[in-house]
Amino acid sequence: MVALRRSVQVSEDDEADTDNESFPEIYTDVENEQSLHKPSRLTRKQREKRQLVGATREMPEKSSSLNVDTKLPEMGLKLKFAYGYRGHSTRKNLHFSLSGHLVYHLAALGIVYDPTTNGMRFYNHHTDDILCLAMQPGTDVVATGQMGAQPTIHVWSADSLETLSVLKGHHQRAVVCLGLSRQGSTLASIGGDDAHTLVLWNWRSGQKLASARGHSDKVFDLAFDPVNPHRLMTAGVRHVRLWNRSGGGLTWKRGVLGNLDNQDTMLCCTCSEDGVSFSGGASGTVYVWENGRVSRTLKAHRGPLYCITPLQDGYLTGGQDGYICLWDQEFSRCLKIYPISNAYVTGSEVTLSADHPSIRACAMGEGRIVAGTQKGEIVEIAQDGSICVLMSGHSRGELWGLATHPSTLEFATVSDDRTLRLWNRGNGPHVHVAHLRKSARSVAYSSDGSCLAVGFLDGSVSLYSADSLLRAASVHHRDSEISDVKFSPGAVRGHGFLAAASHDDVVDLYHWTEQGQLRRVSVCKDASSYISHVDWLADGRLIRSNSGAGELLYYECPGGRRQLISSSVEPLLDWHTETGVLGPRVAGVWAPEDDLTDINALDRSPDQAVVATACDDGGLIKLFRYPAQEKWCRFRKYMGHSSHVTNVRWTYDGQYLVSVGGADCSVLVWERVQTSEYVPGYTNPLDPDSGDELTVHDLEVAAMVGAATPDGLGEHGVTPRPPHVAGDKVTGLYMQNGEIYTVVTRTSIVGYNIKEGTQVLGIQQDAPVLSCATVSEENSRLLAVGETGNSVSITVIDIAAAAGTIAMLMTPTSSDEEMFNMRFSPSGRFLLCCVHKPGQYILRVWNWKKAIQLAQTEVNGTLLDAAFSPSDDLKMTVICAKQVLFGKIVGAHIQLQKGYIPRKKKGSDRRFLCVACGPDHASYTGTNDGRLLVWKGPIMSQVVDVSQHGPVAAVAVNRAGTALLTAVRSVQSAIKLDRWTTSIAVDWSYSFEVPPTTHLQSVSWAKNHVLVTTIAGDKGHVREVDMKEKSHRELMEVML
């Protein structure tokens, strides 16, 4: 319990509290201020209107100029530790992995935590708050479900953190409950829609097996029958349902309570191997179910029972009463009761935030019990009942207040849960807690680290000893929240000031007296909206404030007089801190579409090399070079928080960045690292091809800012835009190992035997509907053709079969789609399709033999082409105009990861045009500046200069993977072909002249021959190049 050491001083006026003789030079100013200031009597609507007018008047200028800073920060961030545990609105979300590590979730992170080494690993592919977590018994398979407009379920490995499947498309608002069957690959999920829809999935294939309306009332839990994966149980508000899957449907029957008078709300449930089921009620009662009826009940807890965990020879239960009970295998006798109380806490500096917290999850592994509490804590209980607090965190409301110690790795946080917490990065999860009487929104350390100032939601300010966390002083001059507090540089007791920024549109300046009290000396006014941030000049004679109306105001200290600082003088001022979101040195952190609420806070690193921002949109942390003075600076961005990030602060040495989330109540610690350590992804606020998957890793830009490619054919006869926008198209393909060549146009498909000179295939269309074609590498008799008309379809043709067509796939969508590129997988089982529809690009994979869509995903950016890895049917390389993506099929989803291009190897205006994949995870991409980029996995390892006279328009790898071929349409009106060894050395070259208006369409390579297809005017030409003879001949001329 925190004791009150000094009397609380409450003042409702704006008079200074300091005696005249203390600061004789400022009293005339304070008296003048008194006569001018009147207490606010504005209504809430008037204040909002006043703020809106101010915001409109003072909004930062947004220009269409491209005068941007094109340099990324040389440093990056890596997530090292996450403080907290989601203990509210969830249950049964704490488990042991096979290696004995704890698996749980916080914010948008799945966490695997080893308490013995204090090490954490993170699954970071969610984009919003994770609400539920389940683990398959006896494995490391984890399923996590998130909230969002299109909520997803991720199935992943707790050992490797590899994504095993992504399931989406059948829930709305959120996924609130998950369960994994003990056998097989069945997963059950409950949605957050009004019907609380129950869906059964085959998570390995990503396919939905069955679905049904769960219940009109809320559903809290579900459990599979451990013997029969087709049977399960759901529990919720005043109901229990027993489900059975039959074919593609789900049937249910209502659980019958028998002679019991009142229907209890069921909060949790589980099933045993002998066919008996159990549910825990809001009354603390355990209900035993046999054959759909309650056979008996027993009182287990005082108050709601939130979790029942099956063990090998018994059960664990946890309830709101703060007790964990161990039961026998028949659930008839309680073997032991473990009270969760500070009286039993040993071996840890961390204590519980409250005795007997509500238990939300419990698990047993390796002879120890762990439990998650509603207060955001994870505790470990030994067999003798002693308790060790493994994790602690904030638990409810919003978390805004954050400050770092001036000389150690300690930092402090305050939140709406009425606690002040001191953390130490060097000591793992250890934390000291002081309980406050009210919610707090801001905190700051004094210059010597001995004192903490805390600003409260009700407008008061208090001082606390950093050692004992005892309150030393308190003042109350404001009616609205204190949004920021800062001590002056070098402030110690008796010498120094405290600035308190409030939502009453003023900053109060206090003197910190020898007695440890706060005496107000002045009030800084003239802001037309609430004050959000305040910073001190290095010499302590000036403060700078940001207002909600976008104003940047300056005041002298201690008088509080408003000062006018010109834009030419501001850059010369040495600010002790840089935490305000408005200022000339951080103007570049604002994106063109941002408004004044999109950045909640920022902080400049101690070495003044980088600045980090806390974003309100998407839970992002952005890292910029400092100063960020140019408009729309480039940045690295990171994701781990699920809601708005409210604050960021660097530690005293600049090696760690601490961030706090608002509604997710998480505290994340990021380590500053060199960007030479590969981390995937990119971004740039002006780059339309840069906004793909966000992770807690680096996201930097793939190419420099440049002018967009205009419509029409690009230079050097290469179309720099997706092929689907071209009117005419000719594709030439070798089949049957080069014995047959096939030519596909918009209206026809023809095939000829080269040796015999006979036609073997001929299909004519009445309208130009044929869009793309490809040949299988595994079975070169197979040709797939995409067709776009009233409907979108794919036809697979076996050129050697009597019937010809052996499969037809119909896209179950509207006719505004068009496929513009296709590829067979290495085994020939799958077809990878590039699809365009207005405003959207889609990657889609078909199992064409079974005529089912296997997976798909939307691609941000201008999708051009994609190719399978030759060694894996589930992996692919994807190119967009300005980025390269590496994909993997996980369930019914394609997970994309951005390729990494080292800074020194980036082109100023590079565009990707073509792609091919080779063995050993190698990929090759051709660019518009005549270069070939070689990739090892997702990392670009080499840049090869192919031509100085034209773009690399096509690239191909032979089936053995021992050589690759590039094709260049040069400005000298020639097509140039080069064959390269795997060591990227040219061992063959050939070129031939073409008319100046010729455009290269496709290149097909079989054995020692190359089929080159071009368009010149209204004619298409198909030429064959003999690599041994170094000669070419024209095989066909096509009228378009």
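Heads up: the structure comes first, above all this text.
If you're wondering where the values come from, they're calculated on a predicted model, not measured in any experiment. (Residues numbered from 1 in each chain as written. Predicted model: local features only at pLDDT ≥ 70, side-chain atom pairs only at ≥ 80, totals over all residues. Heavy atoms only, no water.)

Draft legend 1. Expanded view of the packing of aromatic side chains. Going through the model one piece at a time under the given rule, you end up with 22 aromatic pairs. An angle of 15° between the planes, with centres 6.3 Å apart, marks the rings of Phe411 and Trp423 as stacked. Here Phe411, found in strand 32 (residues 410–415), pairs with Trp423, found in strand 33 (residues 419–424); they are 12 residues apart in sequence, far enough to count as distant. For the pair Phe411 and Trp423, one class covers both residues: buried. Seen from their ring centres, Phe624 and Phe635 are 5.2 Å apart, and the 50° between their planes marks the pair as tilted. Placement of Phe624 in strand 49 (residues 620–625) and of Phe635 in the loop between strand 49 and strand 50 (636–639) is noted, with a sequence separation of 11 residues between them. In this structure an aromatic cluster arises from ring pairing among Phe81, Tyr83, Tyr113, Phe411 and Trp423. Here Arg544 stacks its cationic end above the ring of Trp575, 4.4 Å away from the centre of that ring. A cation sits over an aromatic face here: Lys622 above Phe635, 4.6 Å from the ring centre. (Phe/Tyr/Trp six-rings, centres within 6.5 Å; stacked < 30°, edge-to-face > 60°. Helix = DSSP H or I, 4+ residues; strand = E, 2+ residues; numbered from the N terminus. Buried < 20%, exposed > 50% of the residue type's maximum accessible area, 1.4 Å probe, protein only. Lys NZ or Arg CZ within 6 Å of the ring centre and 35° of its normal.)

Draft legend 2. Up close: the sheet that holds strand 3 (residues 95–96). One open sheet accounts for four strands, arranged 3-4-5-6; its pairing is antiparallel. The outermost strands of the open sheet, each flanked by one partner alone, are strand 3 and strand 6 (119–123). Summarising the sheet, strand 4 (residues 102–106) and strand 5 (residues 109–114) pair through five bridges and their orientation is antiparallel. Of the residues in strand 5, the one forming a bridge with His105 is Gly110. (Pairing = 2+ DSSP bridges.)

Draft legend 3. Highlighting the side chain of Arg360. Looking at the element boundaries, Arg360 is found in strand 27 (residues 359–365). Among buried Asp, Glu, Lys and Arg side chains, Arg360 stands out as unpaired, with Asp221 the closest opposite charge at 11 Å. Within the structure, the side chain of Arg360 is placed 3.3 Å from the backbone oxygen of Thr90, a separation counted as a polar contact. With residues up to four places along the chain from it excluded, the contact list for Arg360 reads Tyr85, Gly87, Ser89, Thr90, Arg91, Lys92, Tyr306, Cys307, Gly372, Thr373 and Gln374. (Lys, Arg positive; Asp, Glu negative; His and termini not counted. Salt bridge = Lys/Arg side-chain N within 4 Å of Asp/Glu carboxyl O. Polar contact = N/O pair within 3.5 Å; in protein donor to acceptor, adjacent residues only side chain to side chain. Contact = heavy atoms within 4.5 Å.)

Draft legend 4. Representation of the sheet that holds strand 45 (residues 552–556) in the model. One open sheet holds the four strands; their spatial order is 43-44-45-46, and the pairing between them is antiparallel. Strands at the two margins of the open sheet, each flanked by one partner only, are strand 43 (531–536) and strand 46 (562–563).

Draft legend 5. How the structure looks around the nonpolar core. Leu102, Tyr104, Ile111, Met120, Ile324 and Ile381 are the most contacted members of the largest nonpolar core, which has 64 residues in total. For this core, the element with the most residues is strand 2 (residues 75–83), which contributes five residues. When neighbours within four sequence positions are excluded, Ile111 is seen to be in contact with Ala82, Leu102, Val103, Tyr104, Leu106, Met120, Arg121 and Phe122. Counting 20 residues, the second largest nonpolar core, distinct from the first, contains Cys834, Val859, Ala866 and Ile889. (Core = buried A, V, L, I, M, F, W, Y, C linked by side-chain atoms within 4.5 Å.)

Draft legend 6. Region of the structure containing the pattern of salt bridges. The full count for this structure, using the stated rule, is 35 salt bridges. A salt bridge links Lys976 to Asp978; its shortest N-O distance comes to 2.5 Å. A relative accessible area of 28% means that Lys976 is categorised as partly exposed. Here the salt bridges share partners, and the residues they tie into one network are Arg544, Glu570, Glu578 and Arg604.

Draft legend 7. Molecular detail of the environment of Gly580. Among the secondary structure elements, Gly580 is positioned in the loop between strand 46 and strand 47 (599–604). Taking the relative accessible area as the measure of exposure, Gly580 reaches 2% and is therefore buried. Along the chain, Gly580 and His533 lie 47 residues apart, while their C-alpha atoms are 5.1 Å from each other. Setting aside residues up to four positions removed in sequence, Gly580 forms contacts with His533, Asp535, Asn546, Val586 and Leu602.

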